[in-house]
Every structure is written in structure tokens, then in C-alpha cells.
Amino acid sequence: MNQSEATERIIGVVKGVIGESNKELTGDTKIENMGVSSIDYVKILIMLETEFDIEFDDDDLVLDESTCIFDLASKVCAKMS
């Protein structure tokens, strides 16, 4: 799976968690700018673990103000390789 495919699937997961399926999201969208709480971020990570059959490290559980969807896609692709 390439990063573009991962990004599209991650956008779908994020939209499901934040409950805004009509919201326009791109790979550059910062997670924090979407009003995602730390609890929502952990929910996103758990759903991504299930979606991609991976496991995130404890360090990945911290929501950084600069974290964007591309960053999540990079982490997912790295875990899958």
C-alpha cells in the first residue's frame, strides 16, 4: 500500500470519529485544527490499528500540534512494511 492509499483510508477513519463526513480533509490537514481531543485521537489510532492490522507504539499516542494526516499515513506505511 502506498502513502496516497493510506491517506484516503485514514481520512475516512478520521471523518468517522469526528462525525463530520462532509468536512473537506486533505493530507495536510492538521489533526489538532479539526477540534480533535486527545481521547478522539486515541480512538482514531485504535481504529487505524484495526483498519490496517498494525500496532502503534506508546510514543505515537501523543497528539502533537503539528501532526497532520500525512504524518499518520507515514506511520501506518512504516508499520506495514
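Right, let's walk through the structure included here. Not measured: the values here are computed from a predicted model.

### Some words on helix 2 (residues 38–52)
The end-to-end C-alpha distance of helix 2 is 21 Å, a good match for the 21 Å that 15 residues give at a rise of 1.5 Å each. All of the buried residues in helix 2 are Asp 40, Tyr 41, Ile 44, Leu 45, Leu 48 and Phe 52. All buried residues of helix 2 fall inside an arc of 145° around its axis, so they share one side. Pointing more than 90 degrees away from the buried face of helix 2 are the exposed residues Ile 39 and Thr 50. In this structure, the buried side of helix 2 is in contact with helix 1 (3–18) and helix 3 (69–80). Of the residues trailing helix 2, Asp 53 is marked for its positive phi of about 55°.

Rules of the game
Residues numbered from 1 in each chain as written. Predicted model: local features only at pLDDT ≥ 70, side-chain atom pairs only at ≥ 80, totals over all residues. Heavy atoms only, no water. Helix = DSSP H or I, 4+ residues; strand = E, 2+ residues; numbered from the N terminus. Expected span 1.5 Å × (residues − 1). Buried < 20%, exposed > 50% of the residue type's maximum accessible area, 1.4 Å probe, protein only. Arc of directions from axis to C-beta. Contact = heavy atoms within 4.5 Å.

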